[in-house]
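The primary structure of each chain is shown beneath.
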Amino acid sequence: MTSITRVHNRVSTPLGHPWSAKADRLQSATGIMLGSFLLLHMHFESSILLGKEAFYRVVQLLEGGMFSSTGHGFPIVTKVFSVFMLLVVIVHAAVALRRFPAQLGQWRALRSHMGNIKHKDTHAWFWQLITGFILFFLVPVHLFTMILNPEIGPHLSAERVYHDNAWLLYALLLPAVVVHAMIGLYRVAVKWGLTTQRSGLRKLAKVLIIYLLCLGTASLVSYLFIGSELGIPVQPFVPE
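Just so you know, these numbers come straight off a predicted model, no measurement behind them.

On to the UniProt feature "transmembrane region" (unreviewed entry) in the protein. Mapped onto the present numbering, the UniProt feature "transmembrane region" (unreviewed entry) falls on residues 26-44, 76-97, 124-147, 167-186 and 207-226. Helix and strand shares over residues 26-44 are 100% and 0% respectively, and the end C-alpha atoms of the span are 27 Å apart. What you have in residues 207-226 is 100% helix and 0% strand, and the ends, taken at the C-alpha atoms, are 29 Å apart.

This part takes up the packing of aromatic side chains. Taken as a whole, this structure holds seven aromatic pairs when the rule is applied. Judged by centre distance (5.8 Å) and plane angle (75°), the rings of phenylalanine 55 and tyrosine 223 are edge-to-face. Here phenylalanine 55, found in helix α2 (residues 52-62), pairs with tyrosine 223, found in helix α8 (residues 198-228); they are 168 residues apart in sequence, far enough to count as distant. Here phenylalanine 55 and tyrosine 223 have matching classes, each one buried. Seen from their ring centres, tyrosine 56 and phenylalanine 237 are 5.7 Å apart, and the 65° between their planes marks the pair as edge-to-face.

With 39 residues, the main nonpolar core has Tyr170, Leu173, Val178 and Met182 as its most contacted residues. At the level of elements, α1 (18-45), α2, α3 (75-96), α5 (120-148), α6 (154-162), α7 (167-191) and α8 are the ones that each hand at least two residues to this core. If we ignore the near neighbours within four places in the chain, the residues touching tyrosine 170 are His142, Arg160, Val161, Pro175 and Leu220. Within the second largest apolar cluster, five residues are counted, among which are Tyr186, Ala189, Val190 and Ala205.

Before going further, it helps to spend a moment on a nonpolar patch on the surface. Side chains of Leu61, Met66, Phe67, Phe74, Ile76, Val77 and Val80 sit close together on the surface and give an oily, nonpolar patch of about 710 Å² of accessible area. With three residues, the single largest contributor to the nonpolar patch is α3. Checked against the element boundaries, isoleucine 76 lands in helix α3. On the basis of relative accessible area, isoleucine 76 is assigned to the partly exposed category, the value being 47%.

On to the pattern of salt bridges, then. Tallied over the full model, the rule gives two salt bridges. The salt bridge partner of aspartate 24 is lysine 191, with a shortest N-O separation of 3.4 Å. In this pair, aspartate 24 is assigned in helix α1 and lysine 191 in helix α7, connecting sequence segments 167 residues apart. Residue aspartate 24 is classed as buried on the basis of its relative accessible area, which comes to 13%. Of the charged contacts, one joins arginine 57 and glutamate 53 as a salt bridge, the two residues approaching to 3.4 Å between their closest N and O atoms. Residue arginine 57 and its partner glutamate 53 are located together in helix α2, separated by four residues, close to a single helical turn. Exposure remark for arginine 57: the relative accessible area of 45% places this residue in the partly exposed category. Glutamate 53 gets classed as partly exposed once you look at its relative accessible area, which sits at 38%.

A few words on α2. All of the buried residues along α2 are Phe55, Tyr56, Val59 and Gln60. Looking straight down α2, one finds its buried side chains confined to an arc of 135°; they lie on one side. Backbone geometry just after α2 places glycine 64 at a positive phi near 80°.

Procedures and definitions
- The written sequence of each chain sets the order in which its residues are numbered from 1.
- Confidence filtering applies because this is a predicted model: local features only for residues at pLDDT of at least 70, side-chain atom pairs given and counted only at 80 or more, and all residues used for totals across whole chains, interfaces and linings.
- Values shown for side chains rest on all heavy atoms present in the structure; no hydrogens or waters enter the calculation.
- UniProt positions are given in the numbering used here, feature names are shortened, and annotations may be inferred rather than shown by experiment.
- Strands are runs of DSSP state E lasting at least two residues, helices are runs of H or I lasting at least four, and both sets are numbered from the N terminus onward.
- Only Phe, Tyr and Trp rings take part, Trp by its six-membered ring, and two of them pair if their centres are within 6.5 Å. Stacked means planes under 30 degrees apart, edge-to-face means over 60, and tilted covers everything else.
- Only protein chains enter the accessibility calculation, which uses a 1.4 Å probe; a residue is then buried when its area is under 20% of its type maximum, exposed when over 50%, and partly exposed in between.
- Throughout, nonpolar core names a set of buried Ala, Val, Leu, Ile, Met, Phe, Trp, Tyr and Cys residues whose side chains join them through atoms within 4.5 Å.
- By definition, residues are in contact when any of their heavy atoms lie within 4.5 Å.
- Exposure above 30% relative accessible area and the absence of a salt bridge qualify a residue for a patch, where like charges join within 9 Å and nonpolar side chains (Val, Leu, Ile, Met, Phe, Trp, Tyr) within 5 Å.
- Accessibility throughout is a Shrake-Rupley quantity obtained with a 1.4 Å probe, and a residue counts as covered only by protein chains that appear here.
- By salt bridge we mean one thing: a side-chain nitrogen of Lys or Arg within 4 Å of a carboxyl oxygen of Asp or Glu.
- This arc is taken over the directions from the axis of the helix to the C-beta atoms.

Shown next, in the form of structure tokens:
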């Protein structure tokens, strides 16, 4: 005879915490914001490749120079926007840390899983994890620099890169942020069902990574050359 056990008390423990789904959406939203900003930011910065005056005009436009009687932008715009981006980074990092392996055993399990299962998305997530850890230290330094000294221009930016040795920071920041952002945008597109063509999207992500690394490196080298030609004290660039 089969006995039936009846449970009179309803199980009240939820299978998943509602905050987990909200955190996923928040992580994706902030990730899209940061990835999109990176694409715009690197192209604005690369205007230095077109010459000092081209970069100067871009900076004045972004800093609201059209609202100034002199045509010169307002550095406070850069300061405020840097504060805003820092807050977005903090939120993104806070919700992303919940998936970060916190124990040595978890790292070993991850490495074992990657070795046994040759899954490209798992390897992509691993590199996003590593670059995210690097960015946790580098991005706040860059943003705090822009908050404390928001002056931007062909000469002033080149001074920061060359004379203040900021190229060391950017040389580490560039590959980490590009890889992290492009893999992140790829994973968001796949996760939320924006596309089913994973192979094609992976190829696009790789092309963008190579393209942005070349663009960023060329821009950084240009700032180094400009900075090496500047005397001390550095005078802000004034178009002819």
